[in-house]
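A structural walkthrough
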Amino acid sequence: MVLAIPASAAEPSPGAPGIGDSYYPSYGNGGYDVSHYDLRLKYQPDTDRLEGTATIVARATQNLSRFNLDFALDVESVLVGGKKAAFKATGDHELEITPAGRLDSGKPFTVVVRYHGTPSEVEVGGYTAWLRTPDGGVAANEPEGAWWWYPSNDHPRDKATFDVSVAVPDGTQAISNGTLQSTTSRLGWTRYNWRSDKPQATYLATLAVGKFDVTTDTTAGGLPVINAYSKDLGANDGAARASLERTGEVADWLAGLYGPYPFNALGGYVPNVPTGYALETQTRPFYSPRQFARGANVSVVVHELAHQWYGDSVSLKDWRDIWVNEGFARYSEWLWSEKEGEGTAQELADYTYALYPADDPFWTVRPGDPGAENQFHRAVYDRGALALQALRNEIGDEDFFTILQRWPTEYRYGNASVADFRRFAEKVSGKPLAELFDTWLYTPSKPAAAAARSVALGAPKAPAEPKSWRKIQATNTVHSHGRDAHRGEEHRGH
């Protein structure tokens, strides 16, 4: 006789120290799901000293004897359910917590972590993701960045809402995601209270402290637009403003392609950092001054705002699915070029295809599974966009743009994989697409010219360079991934 043992009676066990990602097995954690982060912080720009209390609202997904958070600063105390919990740091970014009693599967629980540290001095894997500026600091990095300023279940598969409250010295500002709920001043400190009320991946949470010039506006649809510029951007200031101040216009145009904007705030910020990459931090993308060193570049704004639909609202399931973020953001730049009369998407596809000869290593990178070392390789962007143009040619504009609009609604605030997108495209178009996706995303060689449907390849000379090409490529060449920038290696951006 076999007796069914209810799940609640099963013996508790530790949650896994990783969520099971293909590229980053130790990122994220098992055994629980976070619904909300409440971060109450105090930051001193002069010393880079950060003090914080993180309150994490979660639900156990198994009977837990202990669980992990991803974090790299010094922890002072941990409470679970209001009771003192044992804790210790393990590995290079794991905070192992043992509560006073078991946590039952399906039941909510709350964790309170008090901590402090100097983020720029904390290195994991030889680098720090915290960027120092002349007047403060910035948290914006991918695929990891949370460890340096708040404890979390650090993987896009576990999204949550956020309240970020930051006290900084008077005369200094704190910028974060979402909407500014209030500011209060007391005894030489000003506290900024930000709220991001839609599910947000941990790496998309951002914090910037410094002296900013903040501009506010609303879109045609009434959404608040908040942009912030460091007061010491120098010669790049004008070009940065000429680019970011078009945020509302770009977002309204993208909404015509991808459906209603998925969040309740817009904007961006440009701190005085030496790095070159940009990042689609939710509702408020991060841009570095180098993006605007050669003048205004609206294309990079298009790229990061397109991510609000493709990457932020619909997030990847596994970091190998990076194409569902970057291929679409790059293709959005091609569509903007088409709108602006600076080269159609087909002309950009023709030029891109002809630019790389068959023996170029570019074609050995598989955008559908590029490997962690090539996650931000140019091929993920350019060949990733070529895949979308090939899909457009195969199924026609009506089905193609129906897919681009319906996909962000189908998976809104959730996660999706490359395979999910292929199945969705097959469902909408009614066509088998496995061969097309395999050719463009998974075959480590240059697809045949016939697969590219290039109208120019049969001509005796190479396609002409589209007018928008250099602006679009500037979102590659001035980008460098955070980790690799510290090692002096040039990589592609986000």
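Coordinates for the structure precede this section.
Residues numbered from 1 in each chain as written. Predicted model: local features only at pLDDT ≥ 70, side-chain atom pairs only at ≥ 80, totals over all residues. Heavy atoms only, no water.

Looking now at the overall build of the chain. Looking only at helices and strands, the chain features twelve helices and 20 strands. For the chain, the C-alpha radius of gyration of 23 Å lies close to 23 Å, the compact-globule estimate for 494 residues. With respect to the principal axes defined by its C-alpha atoms, the chain has extents near 75 × 75 × 45 Å. Buried positions account for 59% of the 494 residues belonging to the chain. Approximately 18,400 Å² of the chain is accessible, and the part contributed by carbon and sulfur atoms is 50%. Of note, the chain has its 48 positive side-chain charges centred 3 Å away from the centre of its 61 negative side-chain charges. (Helix = DSSP H or I, 4+ residues; strand = E, 2+ residues; numbered from the N terminus. Rg over C-alpha atoms; globule rule 2.2 N^0.38 Å. Buried < 20%, exposed > 50% of the residue type's maximum accessible area, 1.4 Å probe, protein only. Areas by Shrake-Rupley, 256 points an atom, 1.4 Å probe, with all protein chains shown as cover. Lys, Arg positive; Asp, Glu negative; His and termini not counted. Charge placed at Lys NZ, Arg CZ, Asp CG, Glu CD.)

If you look at the biggest cluster of nonpolar residues, it comprises 145 residues, and the most contacted ones within it are Phe67, Val111, Trp149, Trp323 and Phe421. It is helix H6 (residues 378-395) that provides the largest number of residues to this core, a total of ten residues. Those residues in contact with Phe421 that sit more than four places away from it in its chain are Trp323, Phe328, Leu388, Leu391, Ile403, Trp407 and Phe437. (Core = buried A, V, L, I, M, F, W, Y, C linked by side-chain atoms within 4.5 Å. Contact = heavy atoms within 4.5 Å.)

Attention now goes to helix H5 (residues 345-355). H5 sits mainly inside the fold: eight of its eleven residues count as buried. Looking only at H5, the buried set comprises Ala345, Gln346, Leu348, Ala349, Asp350, Tyr351, Thr352 and Tyr353.

Here we take up helix H8 (residues 418-429). Between its first and last C-alpha, H8 extends 16 Å over twelve residues, near the 16 Å set by a 1.5 Å rise per residue. When we look at burial in H8, the residues that qualify are Val418, Asp420, Phe421, Phe424, Ala425, Glu426, Val428 and Ser429. Check the buried side of H8 and you find it contacts helix H4 (323-340), H6, helix H7 (397-410), strand E20 (415-416) and helix H9 (434-442). At the exit of H8 stands Gly430, carrying a positive phi of roughly 75°. (Expected span 1.5 Å × (residues − 1).)

A few words on the sheet that holds strand E13 (residues 179-186). Taken in spatial order, the eight strands make up an open sheet running E5-E4-E8-E2-E1-E11-E14-E13, and their pairing is mixed. Looking along the sheet, the strands with just one partner apiece sit at the ends: strand E5 (83-84) and E13. Where strand E4 (residues 74-80) and strand E8 (residues 108-117) come together, six bridges link them in antiparallel fashion. Note on E8: the bridge partner recorded for Ser77 is Arg114. (Pairing = 2+ DSSP bridges.)

This part covers the side chain of His93. By the secondary structure assignment, His93 is in the loop between strand E6 (86-90) and strand E7 (94-98). Within polar-contact distance, the side chain of His93 engages the side chain of Ser26 at 3.1 Å. One polar contact links His93 to Asp70, side chain to side chain, over a distance of 3.1 Å. Excluding residues within four positions of it along the chain, His93 makes contact with Ser26, Tyr27, Leu69, Asp70, Phe71 and Trp147. (Polar contact = N/O pair within 3.5 Å; in protein donor to acceptor, adjacent residues only side chain to side chain.)

Look at H6 against H9: their axes get within 9 Å of each other, and the N-to-C directions meet at 160°. Overall, the two elements H6 and H9 adopt an arrangement that is roughly antiparallel. Judged by the twist between their axes, the crossing of H6 over H9 is right-handed. Contacts between H6 and H9 involve Arg383, Leu386, Ala387, Ala390, Leu391 and Glu394 from the former and Leu436, Phe437, Thr439, Trp440 and Leu441 from the latter. (Axes fitted to C-alpha atoms, helices over the stretch in contact; angles between N-to-C directions. Parallel < 35°, antiparallel > 145°, perpendicular 65-115°, else oblique. Left-handed = near helix turned anticlockwise from the far one by under 90°.)

This next bit is on the pattern of salt bridges. In total, this model carries 21 salt bridges according to the counting rule given. Salt bridges linked by common partners bring Arg66, Lys88 and Glu96 together as one network. (Salt bridge = Lys/Arg side-chain N within 4 Å of Asp/Glu carboxyl O.)

For E13 and strand E14 (residues 189-200), the ladder comprises seven bridges, and the chain directions are antiparallel. Residue pairing for E14: Ser185 is matched across the bridge by Thr190. Counting the residues between successive antiparallel strands, the hairpin from E13 to E14 contains two residues, one of them, Leu187, with a positive phi of roughly 55°.

This next bit is on the environment of Leu180. With respect to the helices and strands, the residue Leu180 is situated in strand E13. Sequence separation between Leu180 and Ile226 is 46 residues; the distance between their C-alpha atoms is 9.3 Å. Leaving out residues up to four positions away in the same chain, Leu180 has contacts with Tyr192, Asn193 and Trp194.

The omega torsion across Glu142 and Pro143 is 5°, close enough to zero to call that bond cis. With respect to the element layout, Pro143 can be found in the loop between strand E10 (136-139) and strand E11 (160-169). Residues other than glycine seldom take positive phi values, yet Leu187 does so here, at roughly 55°. Position of Leu187 relative to the elements: it lies in the loop between E13 and E14. Backbone geometry at Tyr413 places phi at a positive 65°, although glycine is not the residue there.

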